[in-house]
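Coordinates in review
If you want the building blocks of each chain, they are given just below.
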Amino acid sequence: MQTWQDLAIVTLTATLIVAVVVIAWQHKKLIQTRYLADHDVTTGLPNRRAVTAYLRTALRKGRATGLVMVDLDRFKSINDTYGHENGNDVLAEVGRRLAGITAPAALAARLSGDEFVLLIDGGHDQTAAVAHAASRIIARTAVRVGGREIRVSASVGFATATLGISGRELLRAADIAMYHAKRYGRATVYGMPPSTEQPAIGHGPRHRDLRRDTGDGYPATSLRTDEEYPSRG
């Protein structure tokens, strides 16, 4: 009888161990799934979904919010020359540099392709400062790709939230500003004036579909200056 009791105890213990292992595995997979839903695989940064959620919360609470849009210059040529794997290494390094920018930058994210954004806790001046910092940090040192060191620069646009603006409209405003920066040349920054951001947005296309000016903004500026902005690393 004792043997059967011992066997039952062993069987029950084994069953419980298996159950614990399965539950732990399922919990780990759930965490991974949730992480991947809000993060970009290539850079490890938050993705568009995370950006949308952040903006929804910030704008609903009425917080001063800015958005910096970063688009790498001539990234296609990097992919064509060095291959997509090395291109991904460039994206990861740019993401690391942007993620190192300190407050008032609240979140660095990758939207898609070679587009990144920085979400700012602050108004126009703080957002402009971070936009300048992003341009400098990306271009400051070369990125090692395929055994070579190459210089990477970015066109940067920024906008700040106005009363009643939606997250989608703020993204569009920053995107339009970034389009203007690209028109002025590489490694430039362009900001949408706070007084005209919202009327300039409308429901028009993204910058890649634009064929003409969409309104006046602050002059684009080359940011090869001695001005510094704090960053991590």
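The rules behind the values
- Residues numbered from 1 in each chain as written.
- Predicted model: local features only at pLDDT ≥ 70, side-chain atom pairs only at ≥ 80, totals over all residues.
- Heavy atoms only, no water.
- Core = buried A, V, L, I, M, F, W, Y, C linked by side-chain atoms within 4.5 Å.
- Buried < 20%, exposed > 50% of the residue type's maximum accessible area, 1.4 Å probe, protein only.
- Helix = DSSP H or I, 4+ residues; strand = E, 2+ residues; numbered from the N terminus.
- Contact = heavy atoms within 4.5 Å.
- Polar contact = N/O pair within 3.5 Å; in protein donor to acceptor, adjacent residues only side chain to side chain.
- Axes fitted to C-alpha atoms, helices over the stretch in contact; angles between N-to-C directions.
- Parallel < 35°, antiparallel > 145°, perpendicular 65-115°, else oblique.
- Nonpolar A, V, L, I, M, F, W, Y, C, P; charged D, E, K, R; others polar.
- pLDDT = per-residue confidence, 0-100.
- Salt bridge = Lys/Arg side-chain N within 4 Å of Asp/Glu carboxyl O.

Residues Val68, Leu72, Val90, Leu98, Leu118 and Val152 are the most contacted members of the largest nonpolar core, which totals 30 residues. Residue assignment for this core shows that the elements contributing at least two residues are strand S1 (65–72), helix H3 (75–82), helix H4 (84–99), strand S2 (105–112), strand S3 (115–121), helix H5 (124–140), strand S4 (143–145) and strand S6 (154–160). Counting residues per element, this core draws most heavily on H5, which supplies six residues. Every residue in contact with valine 152, bar those within four places of it in the chain, is listed here: Leu72, Ile78, Val90, Val94, Ile138, Ala139 and Val143. In terms of nonpolar packing, the next biggest core, distinct from the first, is built from 22 residues, Val51, Met69, Ala159 and Tyr190 among them.

Relative to the elements of secondary structure, aspartate 73 occurs in the loop between S1 and H3. Overall, the relative accessible area of 7% leaves aspartate 73 in the buried class. Reaching out from aspartate 73, the side chain makes a polar contact with the backbone nitrogen of alanine 187 at a distance of 3.0 Å. For aspartate 73, the contacting residues outside a window of four places in its chain are Ser153, Ala154, Ser155, Lys182, Arg186 and Ala187.

A word on the packing of H3 against H4. Here H3 crosses H4 at 140°, and the two axes come no closer than 7 Å. In this view, H3 runs oblique relative to H4, as classed from their interaxial angle. On the side of H3, the interface is formed by Phe75, Ile78, Asn79 and Tyr82, while H4 contributes His84, Asn86, Gly87, Val90 and Leu91. Taken together, the residues that form the contact of H3 with H4 break down as five nonpolar, four polar and no charged.

Below, the discussion takes up the confidence of the model for the chain. Mean pLDDT for the chain: 78, with 70% of residues reaching 70 or above. Note on residues 222–233: pLDDT under 50 across the span, and 31 contacts to partners over four residues away in sequence or across chains.

In the structure shown here, the tally under the stated rule is six salt bridges. Among the salt bridges present, the one from aspartate 80 reaches lysine 76, with a minimum N-O distance of 2.8 Å. Residue aspartate 80 and its partner lysine 76 are located together in helix H3, separated by four residues, close to a single helical turn. Judged by its relative accessible area of 60%, lysine 76 falls in the exposed class.

The next point concerns unusual backbone geometry. Going from alanine 103 to proline 104, the amide bond is cis rather than trans, its omega being 20°. Note that proline 104 resides in the loop between H4 and S2. One non-glycine residue, arginine 74, adopts positive backbone phi at about 55°. Residue position: arginine 74 is located in the loop between S1 and H3. Phi at alanine 187 is positive, roughly 55°, even though this residue is not glycine.

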